[in-house]
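# Survey of secondary and tertiary structure
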Amino acid sequence: MTTSAKIRVFSPIGEVRKREMSHRLAPRGADLSGKTVGFLHNEKGWASDTFFEHDTEILQGLLQQRFKLKGAVRRTKPLLSRVAPKAIIDELAATSDVVVNGIGK
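Residues numbered from 1 in each chain as written. Predicted model: local features only at pLDDT ≥ 70, side-chain atom pairs only at ≥ 80, totals over all residues. Heavy atoms only, no water.

## Here's the deal with the overall build of the protein chain
Under the convention used in this document: Put simply, DSSP H or I for four residues or longer makes a helix, DSSP E for two residues or longer makes a strand, and each gets a number counted from the N terminus. Relative accessibility thresholds used throughout: buried, under 20% of the residue-type maximum; exposed, over 50%; partly exposed, between the two (1.4 Å probe, protein chains only). Surface accessibility in these figures is a Shrake-Rupley result with a 1.4 Å probe; residues are shielded only by whichever protein chains are displayed.
Tallying secondary structure elements over the protein chain gives two helices and three strands in all. In the protein chain, the succession of helices and strands from N to C terminus is β-α-β-α-β. Every one of the 105 residues in the protein chain was classed for burial, and the buried ones make up 19%. Split by element, the accessible area of the protein chain, about 8,900 Å² in all, is 58% carbon and sulfur.

## Here's the deal with unusual backbone geometry
If you check the backbone angles, Lys68 has positive phi at about 55 degrees while not being a glycine. Tracing the backbone shows Lys68 in the loop between helix H1 (46-67) and strand E2 (71-76). By relative accessible area, Lys68 is classed as exposed at 56%.

## Structural notes on the packing of aromatic side chains
Under the convention used in this document: Classification of ring pairs rests on two measures: the distance between centres of Phe, Tyr or Trp rings, Trp counted by its six-membered ring, which must be within 6.5 Å, and the angle between planes, read as stacked under 30 degrees, edge-to-face over 60 and tilted in between. In this analysis the charged atom, NZ for Lys or CZ for Arg, is taken to sit over a ring once it is within 6 Å of the ring centre and within 35 degrees of the ring normal.
Per the counting criterion, the structure on display carries zero aromatic pairs. Cation over ring: Arg74 sits above Phe39, and NZ or CZ is 4.7 Å from the ring centre.

## Re the sheet that holds E2
In a beta sheet, neighbouring strands pair by backbone hydrogen bonds and run either parallel or antiparallel. To keep things clear, this is the line we draw: Two strands qualify as a pair provided that DSSP identifies no fewer than 2 bridges between them. Between N-to-C directions, angles span 0 to 180 degrees; the directions come from axes that are lines fitted to C-alpha atoms, helices contributing only their stretch in contact. Contact between two residues is taken to exist if any of their heavy atoms lie within 4.5 Å; hydrogens are not considered.
Spatially, three strands are ordered E2-E1-E3 in an open sheet, and the strand pairing comes out parallel. Unpaired on one side and paired on the other, E2 and strand E3 (98-102) mark the two borders of the sheet. On average, each strand axis in the sheet is inclined to that of its neighbour by 20 degrees, with strand direction left out of account. As defined by bridge partners, strand E1 (residues 36-41) adjoins E3 across five bridges and the pair is classed as parallel. If you follow His41 over to E3, its bridge partner there is Gly102. Lying over the sheet, helix H2 (residues 86-95) contacts E1, E2 and E3, oriented at roughly 175 degrees with respect to E2.

## A few points about the side chain of Thr36
Inspection of the secondary structure assignment puts Thr36 in strand E1. Here Thr36 falls in the buried class, since its relative accessible area comes to 10%.

## Focus on the nonpolar core
When a protein is soluble and globular, its nonpolar side chains tend to lie buried together. Stated precisely, the cut-off is as follows: In these notes, a set of buried Ala, Val, Leu, Ile, Met, Phe, Trp, Tyr and Cys residues joined through side-chain atoms within 4.5 Å is what counts as a nonpolar core.
Val37, Phe39, Phe52, Leu63, Phe67 and Leu69 together form the largest nonpolar core, which totals six residues. Breaking this core down by element, the ones donating at least two residues are E1 and H1. The residues touching Phe39, leaving out its near neighbours within four places in the chain, are Phe52, Thr56, Leu59, Gln60, Ala72, Val73, Arg74, Arg75 and Val100. Counting residues in each nonpolar core, the second largest holds five residues, with Leu40, Val73, Ala84 and Leu92 among its members.

## Structural notes on the confidence of the model for the protein chain
This is how it is decided: The predictor rates its confidence in each residue with pLDDT, a number between 0 and 100.
Looking at the protein chain, the pLDDT average stands at 83 and 88% of residues meet or exceed 70. Per-residue pLDDT, averaged within each element of the protein chain, yields its smallest value for H1 (80) and its largest for H2 (95).

As C-alpha cells, this is what we get:
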C-alpha cells in the first residue's frame, strides 16, 4: 500500500527583521547628584513584591552613596498587563528626574 501524504516541516529558527525606531530614547544625564529617583513596581503578584522592594532598596542605597540623591518616590501600578494609570505616570513625571521600572524576579 502506498500513500502520497505530505509532511510540512517548519524551521524553529526565527528571522530578525530590522525596523526603524519610531521614537528615540531620552538623552541620558551624566550625573544623578541631587536628583530624585522614581521606582515603579509593575505588580507581578506575590512572587515579586518582596524582590522588587528589596532589590530597589539596595539600588537606592547604592545610588545614594554614589550620587547623594535628593530623594526617592515609590509607586505600584495595579496590574502587570496594563499600562500604569495616567495619575501615577503624571506623578512620577512631576516628582522624579529618572524612573526605574521593574517586575521583580
